[in-house]
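# Understanding the architecture of this molecule
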Amino acid sequence: MPKDTGIGASTKRREDVRFLTGVGNYTDDVNIYGQAYVHFLRSDVAHGRIKNIDTSAASGMPGVVRIFTGADFEGVGGIPCGWQITDRHGNPMQEPAHPVLAQGKVRHVGDPIAAIVAETLEEARDAAEAIELDIEELPAVVDMKAAVADGATKVHDDLENNLCYDWGFVEENREAVDKAIKEAAHVTTLELVNNRLVANPMEPRVAVGDYNRADDMSTLYTTSQNPHVIRLLMGAFVLGIPEHKLRVVAPDVGGGFGTKIFHYAEEAFCTFAARQLKRAVKWTSSRSEAFMSDAHGRDHVTKIELALDKDNNFTAIRTETYANMGAYLSTFAPSVPTWLHGTLMAGNYKTPLIYVNVKAVFTNTVPVDAYRGAGRPEATFQLERVVDKAARELGVDPVALRRQNFITEFPYSTPVAVEYDTGDYDATMDKLQEIADFAGFEARRKESEKRGKLRGLGINCYIEACGIAPSNLVGQLGARAGLYESATVRVNATGGITVMTGSHSHGQGHETSFPQVVAEMLGIDASMVEIVHGDTANTPMGMGTYGSRSIAVGGSAMVRATEKIINKAKKIASHLLEASEADIELKDGQFTVAGTDKSVAWGDVTLAAYVPHNYPLEDIEPGLEETAFYDPANFTYPSGAYACEVEVDPETGKVTVERFAAADDFGNIINPMIVSGQVHGGIAQGVGQALLENCAYDENGQLLSASYMDYAMPRADDVPFYQVDHSCQTPCTHNPLGVKGCGEAGAIGSPPAVINAVIDALHSGGHTHVEHINMPATPARVWAAMQK
Amino acid sequence: MYNFDLVRPTSIDEAVKALGEEDAQPLAGGQTLIPTLKQRLAMPTKLVSLTGIADIKGVCKTDDGQLAIGGGTTHGTVAKEAMADFPGLANLAANVGDPAVRNRGTIGGSLANNDPSACYPAAALGTGATIKTNKREIAADDYFQGMFATALEEAEIITEVRFPIPEKSNYQKFEQQASRFALVGVFVAKYADGVRVAVTGASNEGVFRWSEAESALSSNFSAEAIDSLSAPDGSNMISDLHGSGDYRAHIVKVMTKRAVAAAS
Ligand SMILES: Cc1cc2nc3c(=O)[nH]c(=O)nc-3n(C[C@H](O)[C@H](O)[C@H](O)COP(=O)(O)OP(=O)(O)OC[C@H]3O[C@@H](n4cnc5c(N)ncnc54)[C@H](O)[C@@H]3O)c2cc1C
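Quick caveat: nothing in here was measured; it's all calculated off a predicted structure. The residue numbering used here restarts from 1 in each chain and proceeds along that chain's sequence as written. The order in which chains are written sets their letters, starting at A; the order in which ligands are written sets their numbers, starting at 1. Totals for whole chains, interfaces and linings use all residues, but because this is a predicted model, local features are given only for residues with pLDDT of at least 70 and pairs of side-chain atoms are given and counted only at 80 or more. Side-chain descriptors were evaluated using all non-hydrogen atoms of the structure, hydrogens and water having been removed beforehand.

Here we take up helix α12 (residues 441-450) of chain A. All names here are of chain A. Three or more residues of α12 are buried, namely Phe441, Arg444, Arg445 and Ser448. Buried residues in α12, looked at end-on, bunch into an arc of 105°, giving them a common side. Exposed and facing more than 90 degrees away from the buried side of α12 are Ala443, Lys446 and Lys450. Whether two residues touch is decided by their heavy atoms; if any such pair falls within 4.5 Å, the residues are in contact. Comment: elements are numbered from the N terminus, with helices defined as DSSP H or I runs of at least four residues and strands as E runs of at least two. Structurally, α12 contributes buried residues whose contacts are with β18 (454-463), β26 (639-648), β27 (655-665) and α18 (745-764). Remark: Gly452 follows α12 within two positions and exhibits a positive phi of approximately 80°. Three labels apply to residues, based on accessible area from a 1.4 Å probe with only protein chains included: buried if under 20% of the type maximum, exposed if over 50%, partly exposed otherwise in between. Arc definition: directions from the helix axis to the C-beta atoms.

Here's what the structure looks like:
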């Protein structure tokens, strides 16, 4: 019976009942008596000097409570950056100030200049139109290479230039890599762009700041993936509110994809204004605002070189990447192109020498930060594209070239400072060949040709580092936070269990899968376990959900706390059964004295803990509640092999995805249905990046794709039914569940498969001069590439 | 949006009267106008809803063999009710936006707005339709006057559109990937006395007739007739994030061929 709901069961997602019947409680559903509304007046120029902001007429408009500008935030902290990078020369990165409201200059379209608080949102918007701005427009810095050229206009006047850092990894390998490339039998070079993306979760960001005069308590309701992180950053660095006077609640959150990790100015503003005004202040982003204020993703320009010896063994990789930071450093921005990207450059291959250079650049664009996969999709894309190109140049089978260079022995220490604990890359490739039906491809290609279409097959592998992350390691790498996770397991008197976790679910299904773990450990039904998350007032300090870390790190914390529960419950049971503790066994929710038929039920033990009439009070405390913090020993390394089949319409350049197969190794799996769903969503996002999504600025820093009219999100008919498989399982060796995490894999593994397939299709049609097409491979780009 | 008054007259006369006030504007399905208002890009003081006027809704065949469609008829209704007589038009309507858009948006609203990427302008110009208003009848060739510009005057309401029913017709829409409006849309209509070809989505001047294709097809109604033509001049075509003018010009040719091949 418990097996139906324990580890390995595809239990349906219990949270979906409330989401699908309209009774979820999202941040915009939070309405506080007497709340006012804020509208942000945002810059419509990319770069300008603020000469004057005249709010006098606007202040007198109907319903206006107060208008705030940058001047109101002098003496208040700026938005902090959570990660410091040390550059190639041992110097810290350049770190600009990031005021809550613009001070002195505006630095991107969407930069907030003034915040109008009024009785209604429409009154706030009316007043915003009456604010007189005198902004002297300055030349916009948009192109990254131009931004770091001598004499470029500076985004931040007080910094030396627009270069945030010039990072080399591993710097000591630099010369050896140069030498290996010079001496190589063959070098394949590829220049490519990893396109800028807008995350666009279905629910836009919302913040409601509240202040209670009675106890001097501030509360922020916000669309966050990590409420404790927001409380720490905003309380300690921006507003100076101690944590015991600040509560952050992230209720139901409608998708995050990374963009809701970060601490945003609007959150600090609403909390600050509520204290000033002694009333709640609410902000709900419009979709248009989201395009110009949510942190964007990716935006790398890269040159990669792959060196091979005469037997086609990889001997060295050298990369040079320009990574766009945008106008300010978002919370984890500096870590994405460095530690989350450089450390993955080995991929699935035993390349002995690797050197990664990254120049992070300030531009007059929206800040860029982690987006599903964060750094790892960028690493995977360039590596899997260059390997594909090498296979083509050398005339060898792309699968064979990969297999020949696979890492086969574990643990494996890469030349880029990480140690893969387990994996079996041949196994996932074998599985892929089966589920993707490589054998039938030629027949499908012929059938496409009959219809005048070019068919291509693209494959790739990926490895990712997730289960983020060992705190002492990331501390050495510049993180200004720990990356453990926490759980409190509260067993109630009648046996039901409430688990308070520091992880946060915003689509991942924790409320379903986490109880499966506890149920399995205790031998009870998962319906007896409830998950509480998202409120700093009732969950232990935790770091939240991103980096495919929740089950690997948060789940491990929950396992540790449950183990403590089992230990204590056995003590109680041994007392009740008058047997030695060592003889007590827990099975199917019953405590039994080994080798006898003497037993006591789970509910009797829990009741005894809270009604301790017959209880060993001299030895143990009453109650049954335990907390554990878990800090992982290493990252986890999910891996896999993906295949995409596309058809290209040679007359128009339009690409359609006909088949997509994914063979992943996620280690052990708690809920296979949820895992498949995560892969499905990730692939849709990857296909979106590869074919559709294009966040583009013009040379003046105006956002060209500022709405869904121009920014194409993947829709249901843009993707096929997928073949996904996660039966290849090499369990993680260092966490108690043997799990690796699956949240980002789809988005990491799919873009190179799509582009590899497009190139393959074009070559099959005789367009053999096409070496690469930048993402998104829109019809116009593909068609242009086909024309010589 | 800014505040406005809303009236919902039940006759054309009442509507015209209500539109006589300064800054009054018709509201049909609202699929274009409401988003504009939400972004505060328009500030009418009064909106005159046309949805209560029964006289401007519906599809019927006239005695002289034309298809008459009321200006307030939704795309969804056109998709259903024009199918038997004029499948080329019905299929065009069936591929506008999504079901919600089709159930609200109207042919009159689309033609009044004359978005350079909208579908209906291609059908109206490609058939030589007549746009009937409360004041007059306007030939399609005179009606479209460039991007978002039409022959309509203030307070003039499109009450009906009359389409000469072609022997064969087809509309090919090559979608812009984000909006799924026409990056290029081509409407081809074959009549006893000749062929008309109208192109939307492509030109900086809005919908236009591709006369070379018309004459080539009038003497030989086949996809091969297009093969020998060079694509129309791309230099005055829309060039944006989604494609250059030359790309659009190329797609015009491809879509024209496909429309001819698919015409029924
Ligand atoms: C998501 C989405 C997708 C879409 N996709 C497509 C597409 O693929 N192809 C396409 O062609 N269109 C598309 N549209 C536009 C759609 O067709 C609109 O419905 C149409 O452009 C406007 O019609 P409406 O009835 O909603 O007009 P409204 O929005 O109500 O009005 C539009 C304008 O026309 C005026 N007006 C309305 N009716 C009349 C009338 N009878 N006489 C005079 N003036 C009038 C109004 O004053 C206003 O200026 C899409 C729209 C959306 C929201």
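There's plenty left to go through after this.
For the rest of this paragraph, the subject is the site of the ligand. All names here are of chain B. The near set for a molecule or strand comprises every residue that places at least one heavy atom within 4 Å of it. Close to the ligand lie 28 residues, the nearest being Pro26, Gly30, Leu33, Thr106 and Cys119. A distance of 2.9 Å separates an oxygen atom of the ligand from a polar atom in the side chain of Gln25. Any pair of N or O atoms that falls within 3.5 Å is considered a polar contact. Within protein, one atom must be able to donate a hydrogen and the other to accept it, and sequence-neighbouring residues count only if both atoms are side-chain atoms. Between the ligand and Thr32 there is a distance of 2.9 Å, counted from an oxygen atom to a backbone nitrogen or oxygen. Elements with a minimum of two residues in the shell around the ligand: β2 (24-27) and α6 (107-113). With four residues, α6 is the single largest residue contributor to the shell around the ligand. Its residues assigned to classes, the shell around the ligand shows 13 nonpolar, twelve polar and three charged. Ten residue types, Ala, Val, Leu, Ile, Met, Phe, Trp, Tyr, Cys and Pro, are classed as nonpolar, four, Asp, Glu, Lys and Arg, as charged, and the remainder, Gly among them, as polar.

So, on to the pattern of salt bridges. Note on pairing: side chains with opposite charge can pair once their charged atoms come close. Counted as salt bridges are all cases of a side-chain nitrogen of Lys or Arg within 4 Å of a carboxyl oxygen of Asp or Glu. Evaluation of the coordinates by the stated rule reveals 75 salt bridges over all chains. Salt-bridge contacts for Arg196 of chain B lead to Asp141 of chain B; the nearest nitrogen and oxygen are separated by 3.1 Å. One end of the pair, Arg196 of chain B, is in strand β11 (residues 194-200); the other, Asp141 of chain B, is in helix α8 (residues 140-143), with 55 residues separating them in the sequence. When its relative accessible area of 15% is taken as the criterion, Arg196 of chain B is described as buried. Using a relative accessible area of 42% as the deciding quantity, one classes Asp141 of chain B as partly exposed. Residues joined by salt bridges that share partners form a network here, namely Asp437, Arg444, Glu447, Arg451, Arg455, Glu645, Glu647 and Arg659 of chain A.

To continue, consider the packing of aromatic side chains. Residues and elements named next belong to chain A. Two rings from Phe, Tyr or Trp (for Trp, the six-membered ring) form a pair when their centres sit within 6.5 Å of each other. Planes less than 30 degrees apart are called stacked, planes more than 60 degrees apart edge-to-face, and all others tilted. Scanning the entire structure with this criterion turns up 30 aromatic pairs over all chains. With a centroid separation of 5.3 Å and an interplanar angle of 75°, the aromatic rings of Tyr462 and Tyr642 are classed as edge-to-face. Of this pair, Tyr462 sits in strand β18 while Tyr642 sits in strand β26, and the two are 180 residues apart along the sequence. Judged by its relative accessible area of 0%, Tyr462 is buried. Since its relative accessible area comes to 0%, Tyr642 is described here as buried.

Another point: the domain arrangement of chain A. Residue and element names in this part refer to chain A. Where a domain begins and ends is set by an automatic assignment or by a domain database. What the domain assignment reports for chain A is domain 1 (16-23 + 484-630), domain 2 (32-138 + 205-284) and domain 3 (300-469 + 634-787). Measuring from the centre of the C-alpha atoms in domain 1 to the corresponding centre in domain 3 gives 39 Å. Regarding the contact of domain 1 and domain 3, the summed buried area is about 1,400 Å², with carbon and sulfur atoms giving 62% of it. Three residues stand out in domain 1 for area buried against domain 3, namely Gly547, Ser548 and Ile551, and they jointly supply 33% of the buried area on that side. Taken together, the connections running from domain 1 to domain 3 amount to zero salt bridges. The interface formed by domain 1 and domain 3 includes eight residue pairs in polar contact (both at pLDDT 80 or more). Sorting the residues of the side of domain 1 that touches domain 3 by element identifies α14 (510-522) and α15 (550-577) as the ones contributing at least two each. Among the elements that line the side of domain 1 that touches domain 3, the one with the most residues is α15, at seven residues. Buried area: the accessible area, evaluated with a 1.4 Å probe, that two parts lose upon being put together, summed over both parts.

All names here are of chain A. The three strands are arranged β4-β2-β6 in an open sheet whose pairing can be described as antiparallel. Here the strands that pair on one side only, and so sit at the sheet edges, are β4 (105-106) and β6 (132-137). Both strand β2 (residues 48-54) and β6 contribute to a ladder of six bridges, which runs antiparallel. From the neighbouring strand, Asp54 faces β6, where its bridge partner is Glu132. Two strands are said to pair when DSSP picks up at least two bridges between them.

Residues and elements named next belong to chain A. Looking at the secondary structure, you find Gly653 in the loop between β26 and β27. The exposure class assigned to Gly653 is buried, which follows from its relative accessible area of 0%. Sequence-wise, Gly653 and Met786 are 133 residues apart; in three dimensions their C-alpha atoms are separated by 8.1 Å. Among all residues touching Gly653, those that are not within four sequence positions of it are Val648, Thr778, Pro779, Val782, Trp783 and Met786.

Here the focus is unusual backbone geometry. With an omega dihedral of 0°, the bond running from Phe169 of chain A to Val170 of chain A counts as a cis peptide bond. Among the secondary structure elements, Val170 of chain A is positioned in the loop between β7 (163-169) and α5 (174-183).

Along the chain, pLDDT gives the predictor's confidence residue by residue, from 0 to 100. With 100% of its residues at a pLDDT of at least 70, chain B reaches an overall mean of 97. Among the scores for the predicted complex, ipTM is 0.96 and pTM is 0.97.

Quick look at the packing of helix α17 (residues 672-692) of chain A against α18 of chain A now. A pair of packed helices can be characterised by two numbers: the angle between their axes and the separation between those axes. All names here are of chain A. Axes here refer to lines fitted to C-alpha atoms; in helices the fit is confined to the stretch in contact. Angles between the N-to-C directions go from 0 to 180 degrees. Contact pair α17 / α18: the axes reach a minimum separation of 7 Å and the direction vectors enclose 45°. When the axis of α17 is compared with that of α18, the two are oblique. Note on packing geometry: the crossing formed by α17 with α18 is right-handed. Contact with α17, carried on its side by Val679, Gly682, Ile683, Gln685, Gly686, Val687, Gln689, Ala690 and Leu691, involves Gly746, Ala747, Ser750, Pro751, Val754 and Ile755 of α18 and no other residues of that element. Its residues placed into classes, the contact of α17 with α18 shows nine nonpolar, six polar and no charged. Each angle receives one of four descriptions, namely roughly parallel if under 35 degrees, roughly antiparallel if over 145, roughly perpendicular if within 65 to 115, and oblique otherwise. Take the far helix as the reference: if the near one is turned anticlockwise from it by less than a right angle, the crossing is left-handed, and if turned clockwise, right-handed.

Nonpolar side chains (Val, Leu, Ile, Met, Phe, Trp, Tyr) within 5 Å and like charges within 9 Å form the patches, drawn only from residues with over 30% relative accessible area and no salt bridge. For every accessible area listed, the method is Shrake-Rupley and the probe measures 1.4 Å; residues are considered covered only by the protein chains on display. A contiguous nonpolar surface patch, about 230 Å² in accessible area, is contributed by Leu607, Tyr610 and Val611 of chain A. Mapped onto the secondary structure, Val611 of chain A falls in the loop between α16 (602-610) and β25 (625-630).

This part covers the domain arrangement of chain B. Domain annotation of chain B identifies domain 1 (5-49), domain 2 (56-164) and domain 3 (168-263). With centres defined by C-alpha atoms, the gap from domain 1 of chain B to domain 3 of chain B works out at 34 Å.

This part is about the interface of chain A and chain B. Contacts between the two partners involve 26 residues from chain A, matched on the other side by 22 residues from chain B. Of the roughly 2,000 Å² buried between chain A and chain B, counting both surfaces, carbon and sulfur atoms make up 46%. For the interface between chain A and chain B, the tally reads eight salt bridges. A salt bridge links Arg180 of chain B to Asp718 of chain A; the nearest nitrogen and oxygen atoms lie 3.3 Å apart. Our count for the contact surface shared by chain A and chain B stands at 20 residue pairs in polar contact (both at pLDDT 80 or more). Within the residue set of the side of chain A that touches chain B, elements represented by two or more residues are α3 (121-129), α17 and α19 (779-786) of chain A. Examining the composition of the side of chain A that touches chain B, we find that four residues originate from one element, α3 of chain A, more than from any other. Taken together, the residues that form the side of chain A that touches chain B break down as eleven nonpolar, four polar and eleven charged.

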